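Below, each chain spelled out in residue letters.
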Amino acid sequence: MTKEQEVFLKELSDIQNFVVNVILSKEEEFNDTQSMLNEATYETIYKCMELFDGYRNNDIKCEIKNINSGNILNEKMELHNQCETFLKYSNI
């Protein structure tokens, strides 16, 4: 494993730990399990998109390429800005 891969995976581990702790701290505020899971997955995906967009670590900024078409999915846009439009989340 390269140092760069290790740094990337460490960031993912940090995201997981952060989201688990945030959700546990708000556990009582959720009406049901589905809303809690929606929030947990939203936060996780959002943080991953921030990582790809270069907001979590100055040494990491990724292009997401569809290998079938060759298109860069995050070209001229930041993915984390689109999460609210497409993903379910709680308003707690």
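Here goes a summary of the coordinates provided. No experiment lies behind these values; they were computed from the predicted model shown.

## Here's the deal with the pattern of salt bridges
Tallying each qualifying case throughout the model produces 3 salt bridges. Between aspartate 14 and lysine 10 there is a salt bridge, and its shortest N-O distance comes to 2.6 Å. One end of the pair is aspartate 14 and the other is lysine 10, both in helix α1 (residues 3-25) and 4 residues apart, which spans about a single turn. Note on aspartate 14: relative accessible area 27%, which makes it partly exposed. Residue lysine 10 is classed as partly exposed on the basis of its relative accessible area, which comes to 49%. Close ionic contact of arginine 56 with glutamate 11 constitutes a salt bridge, the shortest N to O distance being 3.3 Å. Here arginine 56, found in the loop between α2 (33-53) and α3 (83-86), pairs with glutamate 11, found in helix α1; they are 45 residues apart in sequence, far enough to count as distant.

## Looking at α2
Between its first and last C-alpha, α2 extends 30 Å over 21 residues, near the 30 Å set by a 1.5 Å rise per residue. Those residues of α2 not exposed but buried are Ser35, Glu39, Ala40, Tyr42, Glu43, Lys47, Cys48, Met49, Glu50, Leu51, Phe52 and Asp53. The elements touched by buried residues of α2 are α1 and α3. Its side-chain oxygen placed 3.4 Å from the backbone nitrogen of glutamine 34, aspartate 32 serves as the N-cap of α2. Phi for glycine 54, located one or two positions after α2, is positive at around 95 degrees.

## Things to note about the environment of serine 35
In this fold, serine 35 is placed in helix α2. Assessed through its relative accessible area of 19%, serine 35 is described here as buried. Separated by 55 residues in sequence, serine 35 and serine 90 place their C-alpha atoms 6.3 Å apart. Setting aside residues up to four positions removed in sequence, serine 35 forms contacts with Phe30 and Ser90.

## Quick look at the side chain of asparagine 74
Looking at the element boundaries, asparagine 74 is found in the loop between α2 and α3. Those residues in contact with asparagine 74, other than ones at most four positions away along the chain, are Asp53, Cys62, Glu63, Ile64 and Leu79.

So, how was this worked out
Residues numbered from 1 in each chain as written. Predicted model: local features only at pLDDT ≥ 70, side-chain atom pairs only at ≥ 80, totals over all residues. Heavy atoms only, no water. Salt bridge = Lys/Arg side-chain N within 4 Å of Asp/Glu carboxyl O. Helix = DSSP H or I, 4+ residues; strand = E, 2+ residues; numbered from the N terminus. Buried < 20%, exposed > 50% of the residue type's maximum accessible area, 1.4 Å probe, protein only. Expected span 1.5 Å × (residues − 1). Contact = heavy atoms within 4.5 Å. Polar contact = N/O pair within 3.5 Å; in protein donor to acceptor, adjacent residues only side chain to side chain.

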